[in-house]
Amino acid sequence: MLGFIASIIDGVLVGLVYGLAAMGLTLIWGVMDVINLTHGAMIVAGMMLLYLLASALGLSPYLILAPSLIGGFFAGIALYWIAIHRMTGRPPLMSLLSTFAVNLVLVGVGTAVWGTALFNVEVSVPGFSLGRYTFPGPHILAAVLAAVIAVGLYFFLHHTRTGKAMRAVANNREASELVGIPTTRLLAISVGVGVALATVSGTLIGTLFPYTILSGDSYELKGFIVTVLGGFGNPIGALVGGVALGVLEGAVTPFVPVSWTLVIEFALFVIVLIAFPGGIFTRRRGGL
Amino acid sequence: MTANAAPLLRLDHVGKRFGGLQAVHNLSFDINEGEILGLIGPNGAGKSTLFNLINGVFPPNDGRIFFSGIDITGQPPYQVARHGLARTHQIVQPLTNMTVLANCTVGACFGRENLPLHRARQIALEAVKIAGLDDRREMLALQLTIAGKKRLELARALAARPKLLLLDEVLAGLNPTEVEHMIGVIRRIRDSGVTILMIEHLMQAIMSLSDRVVVLNFGEKLAEGRPAEVATHPQVIEAYLGDPKLAAELEGHA
Amino acid sequence: MVRRPFFWIIALVIAVFAALPAIGNNVEMRESLVLACVYITLASNLNLMLGYAGYINFGSIVFFGLGGYICVWLVYAHNWPLLPSLLAAGFGVSALALIFGLGILRLRGHFFALATIGIVEGVQAFAENFSPWGGSSGIYISPAVFKPFGGAAEALWVIYFAMVAVMGASLYLSYGIKSSKFGLGLLAIGQNEDAAAILGVPTPFYKALVYCISAFLPAITGGLYFFKSAFIQPSDAFDLTLSTEAIVICMLGGQGTVTGVALGAFLYEELRGYLLTSPTFADFQLTIAGVLLLIIVLFFPSGLMGFIYSRFPRTQKVLE
């Protein structure tokens, strides 16, 4: 029983981080109906920033969240102008290809510079014990930060001028333009915020697990699953979806070998996609 | 109307809800072979929804729809098209990167007669001519003007050689000369034996074209009959009072 | 079709591919053309989905990899001869595609693309865990399988000619579909799926059919390719990079065109070969593919053929 509770708690802790990792993806998706395929690469950018600043300057990993946030925001603005802005009014799949192209460039440069070496940043935060189970401190801290960021984002979207305007643009771009909302600037900001969430989650994940330059892919893919489970553009939904995924992983682990969980997740992903082609997705317009 | 002639299209207590909104409610009427039936009503009365129900874009929640005696309720659009039911869209839906002729060939190929490609091309050529796009048939659909795209909608639907043609505001957005031309085209289509159900906001046009008119309001049938009868119907006038200009037009036609 | 010049242009391409390395027994050239055949086959079949029906399939590599696995496994574990193994690979993978397709093709646009990524990752994870296929270490087949061909050297030539044949078949398939009613329906779906359905195109059936068809030849080429290497492992068979490259090629050549995609595949393969051997660029293959794709998507969405058509409008009458 204790073991079961422990694996559920573990699932929730990991799931909150998955939720955070997915939040940027689902935000951009919800606001502008663009799937940002650079998301995984941006997560890795956050991880590499952590590695560089923590190992070179010896900064505390949690201090690095600030430059990660700011850097990610500007990277997102740049991404908007390079790959997304010109895709307005073109077939929706073109933005998929353009962000995918930028992803190739980022991953290509990263691989050329760092190869596929494994990086590991040690963080010491006291853990929490339940009987013979110990939950590592960084996990708990990361989960708490993920929840704080999600709530912060929720307030940003619902209680600030910019956030409300973003939701208006998500609802109806043309109407927003008519009432004087500067849509282009807002879309750029949305991508900025979305990418900042990616880099911050990367920095935070870097404190938990070892990673390579290619680690971003698996978080991006989990992000798709989380989005599909939790709905589009909704930070709280992303946390719920993340926790659902984390708990699922924890729940199947006793029954199947760890290497099969990926197969199960992707099967689940495809099945959920197919099972709710109308249900979950019809809410995507104005789903924020 | 004689009782033994089965209607071409029969709506039998059809209803459609979107969430809490009852877009179409308990709607029944028939369309007889060879007539032009006008469908009018204020904005949001459920006219376009009704078209979508008839040609299978979404299934109705209640009721049945019969076409030539066949129950087509809930059939997907491509099956409905095969029975000989073609439509145009209020918001034009061209196959943008294909030529005008190719657009019409698609209509002919997959329409009622399910023609092979070379035969379909000939039919498409005829349809292009009828709609007055002959000189533009090698242009890409996206290069057409709005009036051109409306004609393309019509040509494409005609190429399917339908028994019943649903026209969704084909006159909207056209200038008076274009309207006049289009009205002529619609008359010729009817004279060639095609039954027509049309939604139109141009009262003058619909009152002169239609054999009968059905008036919708809030998804329900308000009145049905000859144009002159409908135009003097007190409830119809009342429904249109929200739209004084249209009410004035109606009165003018009574 | 036989009376159209394009039919003979394809025939000429096949003849040149078959003859060039055979004259003078040029093994080095043959190996480079093997890859060109693989790229042309994969890209042409992807084009049926991407260029004709307008569906981005990130998972075209799954057909290639699964075809390779089925073929190599039948040869290795069941001692099947090559030809029936290849056919089993082709039909097996097509049948799987049909089953997957009926499910995921209910999804539109973005969601279809995502599901195909899920399928690549899922199938790769499956292969890494599936012990009859050797898990993550894969399957080696002994060189003895080349004996029926009269030795390894001869076998490699036979496989090469078979790959050229599959490439040729891919080109004819693309051309044949494009000039058929089926092709017209697919193009209509690619332009506006809802409008196509209302015009009477049986969209679910056509989409599943084209997905299924686009699996067949890549599976066979995968079988040939991995039989030729006598080795297969998950990371090679389901390398997302190759799927990516196939998309880049379609965009580079001009999606929806037969010539453009073939030309794009050939040029891309040559470029890639040059980059991989150059000391400066060897590490930047992906980056260059990315920059190329971005430039095409941003500035030349109709690709190479768009450029050729606009410069030499007469070519539109001959090329497809």
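Residues numbered from 1 in each chain as written. Chains lettered and ligands numbered in written order. Predicted model: local features only at pLDDT ≥ 70, side-chain atom pairs only at ≥ 80, totals over all residues. Heavy atoms only, no water.

Novice: Any chance you could break down the domain arrangement of chain B for me, citing the residues and the numbers?
Specialist: Residues and elements named next belong to chain B. Here the domain parsing of chain B yields domain 1 (9-84 + 163-253) and domain 2 (95-159). Here domain 1 and domain 2 have C-alpha centroids that lie 24 Å from each other. Taken together, the contact between domain 1 and domain 2 spans 18 residues of the former and 13 residues of the latter. Buried area between domain 1 and domain 2, both sides added, is near 1200 Å², and the carbon and sulfur share of it is 67%. One can count zero salt bridges joining domain 1 with domain 2. If you look at where domain 1 meets domain 2, you find six residue pairs in polar contact (both at pLDDT 80 or more). At the level of secondary structure, the elements contributing two or more residues to the side of domain 1 that touches domain 2 comprise α2 (77-82), β7 (164-168) and α6 (176-191). Element by element, the count of residues in the side of domain 1 that touches domain 2 is highest for α6, at six residues. Here the residues of the side of domain 1 that touches domain 2 sort into nine nonpolar, four polar and five charged. (Domains from an automatic or database assignment. Contact = heavy atoms within 4.5 Å. Buried area = accessible area lost by both parts, 1.4 Å probe. Salt bridge = Lys/Arg side-chain N within 4 Å of Asp/Glu carboxyl O. Polar contact = N/O pair within 3.5 Å; in protein donor to acceptor, adjacent residues only side chain to side chain. Helix = DSSP H or I, 4+ residues; strand = E, 2+ residues; numbered from the N terminus. Nonpolar A, V, L, I, M, F, W, Y, C, P; charged D, E, K, R; others polar.)

Novice: An account of unusual backbone geometry is requested, with residue identities and associated values reported.
Specialist: Where the residue is not glycine, phi is negative for most of them; where a peptide bond is considered, it is trans in most cases. Residue and element names in this part refer to chain B. Backbone geometry places N26, a non-glycine residue, at a positive phi of 45 degrees. Considering the arrangement of structural elements, one finds N26 in strand β2 (residues 21-31). Here N26 falls in the partly exposed class, since its relative accessible area comes to 45%. Look at E169: it is not a glycine, yet its phi comes out positive at around 50 degrees. Relative to the elements of secondary structure, E169 occurs in the loop between β7 and α6. (Buried < 20%, exposed > 50% of the residue type's maximum accessible area, 1.4 Å probe, protein only.)

Novice: Mind laying out the sheet that holds strand β3 (residues 36-40) of chain B, listing which residues take part and the relevant values?
Specialist: Residue and element names in this part refer to chain B. Within the open sheet, the six strands sit side by side as β6-β7-β8-β3-β9-β10. Their pairing is mixed. Looking along the sheet, the strands with just one partner apiece sit at the ends: β6 (85-87) and β10 (220-225). Across the sheet, the axes of successive neighbouring strands diverge by a mean angle of 20 degrees, strand direction being ignored. Where β3 and strand β9 (residues 212-217) come together, four bridges link them in parallel fashion. (Pairing = 2+ DSSP bridges. Axes fitted to C-alpha atoms, helices over the stretch in contact; angles between N-to-C directions.)

Novice: Describe the pairing of β10 of chain B, with residues and values.
Specialist: All names here are of chain B. With five bridges joining them, β9 and β10 adopt antiparallel strand pairing. Bridged to V214 within β10 is E224. The antiparallel pairing of β9 with β10 creates a hairpin that spans two residues between the two strands, and F218 there sits at a positive phi of about 50 degrees.

Novice: Lay out the arrangement of the chains in plain terms, naming residues and giving numbers.
Specialist: Highest in contacts among the two pairs of chains that touch are chains A and C. Taking C-alpha atoms only, the smallest gap left between chain A and chain B, which are not in contact, amounts to 11 Å.

Novice: Outline the nonpolar core, supporting the account with residue identities and numerical values.
Specialist: Counting residues in each nonpolar core, the largest one holds 260 residues, and the members touching the most others are F224 of chain A together with L165 of chain B. Here this core gets 16 residues from one element, more than from any other, and that element is helix α1 (residues 2-32) of chain A. Discounting residues that sit within four places of it in the chain, L165 of chain B has contacts with A86, L154, A157, L158, I189, V194, T195, I196 and L197 of chain B. Counting residues in hydrophobic clusters, the runner-up holds 26 residues, among them L9, I72, L164 and L216 of chain B. (Core = buried A, V, L, I, M, F, W, Y, C linked by side-chain atoms within 4.5 Å.)

Novice: Explain the pairing of strand β1 (residues 9-18) of chain B to me, using residue names and the numbers behind them.
Specialist: Residues and elements named next belong to chain B. The pairing of β1 with β2 spans seven bridges and is antiparallel. For V14, the partnering residue across the bridge sits in β2 and is L27. Between β1 and β2, which pair antiparallel in sequence order, lie two residues; one of them, G19, sits at a positive phi of approximately 60 degrees. Pairing of β1 with strand β4 (residues 62-67), which is carried by five bridges, proceeds in the antiparallel orientation.

Novice: Requested: an account of the interface of chain A and chain C, with residues and values cited.
Specialist: The partner chain C presents 37 residues to the 39 residues of chain A that form the contact. Of all residues in chain A, L93, L97 and L104 of chain A bury the most surface against chain C, accounting for 17% of the area lost on that side. Along the contact surface separating chain A from chain C lie zero salt bridges. Our enumeration of links across chain A and chain C arrives at two residue pairs in polar contact (both at pLDDT 80 or more). For the side of chain A that touches chain C, the secondary-structure elements that each account for two or more residues are α3 (65-84), α4 (93-114), α9 (216-230) and α11 (261-275) of chain A. In terms of residues, the side of chain A that touches chain C owes the most to one element, α4 of chain A, which gives 13 residues. Looking at the side of chain A that touches chain C residue by residue, the classes come out as 32 nonpolar, three polar and four charged.

Novice: Any details on the interface of chain B and chain C? Residues and values, ideally.
Specialist: In this assembly, 25 residues from chain B lie in contact with 19 residues from chain C. Regarding the contact of chain B and chain C, the summed buried area is about 1800 Å², with carbon and sulfur atoms giving 72% of it. For the interface between chain B and chain C, the tally reads zero salt bridges. Scanning the region where chain B abuts chain C turns up seven residue pairs in polar contact (both at pLDDT 80 or more). Element by element, the count of residues in the side of chain B that touches chain C is highest for helix α3 (residues 100-110) of chain B, at six residues. Grouping the constituent residues of the side of chain B that touches chain C by class yields 13 nonpolar, nine polar and three charged.

Novice: Now, about the packing of helix α5 (residues 137-159) of chain A against helix α6 (residues 161-171) of chain A: what can you tell me, with residues and values included?
Specialist: Think of two packed helices as two axes; the pair is described by the angle between the axes and how far apart they sit. Residues and elements named next belong to chain A. Where α5 contacts α6, the axes come no closer than 5 Å and their chain directions differ by 75 degrees. Between α5 and α6, the crossing angle belongs to the class labelled roughly perpendicular. In this structure, α5 contributes F156, L157, H158 and H159 to the contact, and α6 contributes R161, T162, G163, K164, M166 and R167. Classifying every residue of the contact of α5 with α6 gives three nonpolar, four polar and three charged. (Parallel < 35°, antiparallel > 145°, perpendicular 65-115°, else oblique.)

Novice: Give me the packing of aromatic side chains: which residues, what numbers.
Specialist: Using the criterion set out here, one finds 35 aromatic pairs over all chains in the structure. The interplanar angle of 70 degrees and the centroid separation of 5.5 Å between the aromatic rings of F63 of chain C and Y211 of chain C together place this pair among those described as edge-to-face. Of this pair, F63 of chain C sits in helix α3 (residues 60-78) while Y211 of chain C sits in helix α9 (residues 203-229), and the two are 148 residues apart along the sequence. Taking relative accessible area as the criterion, F63 of chain C reaches 5% and is therefore assigned buried. Measuring from centroid to centroid gives 6.1 Å for F205 of chain C and Y206 of chain C, while their planes differ by 55 degrees, and the two rings are tilted. Given a relative accessible area of 51%, F205 of chain C falls into the exposed group. Members of the aromatic cluster, joined through ring pairs, are W260 of chain A together with Y69, F126, F130, W133 and F238 of chain C. (Phe/Tyr/Trp six-rings, centres within 6.5 Å; stacked < 30°, edge-to-face > 60°.)

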